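# Structural description and commentary
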Amino acid sequence: MNRPLDLGSAGEFRRPRRLDVLIPTRNRPAELAVTLAGLAAQVEVPDFGVVVSDQSDDDPAYAHPAAATMVRALRHRGHPVLLTRRLPRRGLAEHRAYLLDRSVASYVLCLDDDVWLEPGTLDRLVTAIGELGCGFVGNAVHGLSYADDVRPETHRHYEEWDGPVVPERVRPDTPQWQRAAIHPAANLLHVQQKLGLPAGAWRAYKVSWIGGCVLYDRAALVDAGGFEFWRRVPENHQGEDVAAQLAVLARYGGAGVLPSGAYHLESPTTVTDRDVEAWEVVAAETPQPA
């Protein structure tokens, strides 16, 4: 039987570091265990920490023996782990803002609790953001149940960066918005397979936004407003990640990275009351360029 799990100290955790991984979770003990297992296998990046914030209805997901074991494995490998609860729930954006405030790392990876990362993924993302010098990079998630569902009409939305990543204003009334069509199902996996990149190679491509696995330059994210817009949106929202990324794109630019090592667990959502798109509210408040 598992012994009591040390939750960690917020004060001890909140120290300068190269990278912290921020994971919000609710009612997903099995998925969280898989997500943490993926992080435990990221051996090429030795100096990252992990924050898990739980909003489960009953016991926190990290108390499940499988998830607790992965917490201990991360700590055994030298990674500080902070386990917290954030209740009552005030919406997705507030939860991400809370997580961001737990960390002062140079880079923060916003990782959903239903994403498995294959070995080498963190190293590739950290290398990419360092070389590109933009506000964020990300790995869109593969849905492997769609591996045989090839949708070639979506592949035309894949466009690599040829030269430096530059800021972009992306909105639904711009052609760049259609780039999102490359990310559902296994579309990106099929593009990736067609590219046939050699081992160790990666490519940066243009995005409108990325879900599930996004690495930010923390200073750029905070300068663009972070997730502080949570006070201006109703609790029953989604698209908080889109809102934050659009703001960072406009100031610092951003890119997707191939190959993607992020795989969606394809579990049912635990956030069913999500009638409002946060990015629509935020965009409506943002002054338009002259």
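A brief structural summary. Keep in mind it's a predicted model, so treat the numbers as computed, not measured. (Residues numbered from 1 in each chain as written. Predicted model: local features only at pLDDT ≥ 70, side-chain atom pairs only at ≥ 80, totals over all residues. Heavy atoms only, no water.)

Let's shift gears to the overall build of the chain. The secondary structure content of the chain amounts to nine helices and twelve strands. Relative to the 2.2 N^0.38 estimate, which gives 19 Å for 290 residues, the radius of gyration of the chain is 18 Å and therefore close to what a compact globule would have. Overall size of the chain, expressed as C-alpha extent along the three principal axes, is 55 × 45 × 35 Å. When the 290 residues of the chain are sorted by exposure, 52% land in the buried category. Across the chain, every contact between residues at least 6 apart in sequence was considered, and the portion connecting residues at least 24 apart equals 87%. Of the roughly 12,900 Å² of accessible surface on the chain, 52% is carried by carbon and sulfur atoms. (Helix = DSSP H or I, 4+ residues; strand = E, 2+ residues; numbered from the N terminus. Rg over C-alpha atoms; globule rule 2.2 N^0.38 Å. Buried < 20%, exposed > 50% of the residue type's maximum accessible area, 1.4 Å probe, protein only. Contact = heavy atoms within 4.5 Å. Areas by Shrake-Rupley, 256 points an atom, 1.4 Å probe, with all protein chains shown as cover.)

Turning next to the pairing of strand β3 (residues 81-85). In summary, the side chains of a regular strand alternate between the two faces of the sheet. For β3, the tally of buried residues reaches four of five residues, placing the bulk of the element in the interior. Crossover strand β2 (residues 48-54) to β3 through helix α3 (residues 65-76) is right-handed. (Right-handed = clockwise from strand over helix to strand, strands pointing away.)

Here we take up the sheet that holds β2. Overall, mixed pairing links the eight strands, which are arranged β3-β2-β1-β4-β8-β6-β10-β7 in an open sheet. Here the strands that pair on one side only, and so sit at the sheet edges, are β3 and β7 (203-205). On average, each strand axis in the sheet is tilted by 25 degrees relative to the strand beside it, whichever way the strands run. Bridge count between β7 and strand β10 (residues 254-258): three bridges; the pairing is antiparallel. Bridge pairing in β10 links A204 to V257. Strands β1 (19-25), β2 and β4 (107-111) of the sheet are contacted by helix α2 (residues 29-40), whose axis makes an angle of about 170 degrees with β1. (Pairing = 2+ DSSP bridges. Axes fitted to C-alpha atoms, helices over the stretch in contact; angles between N-to-C directions.)

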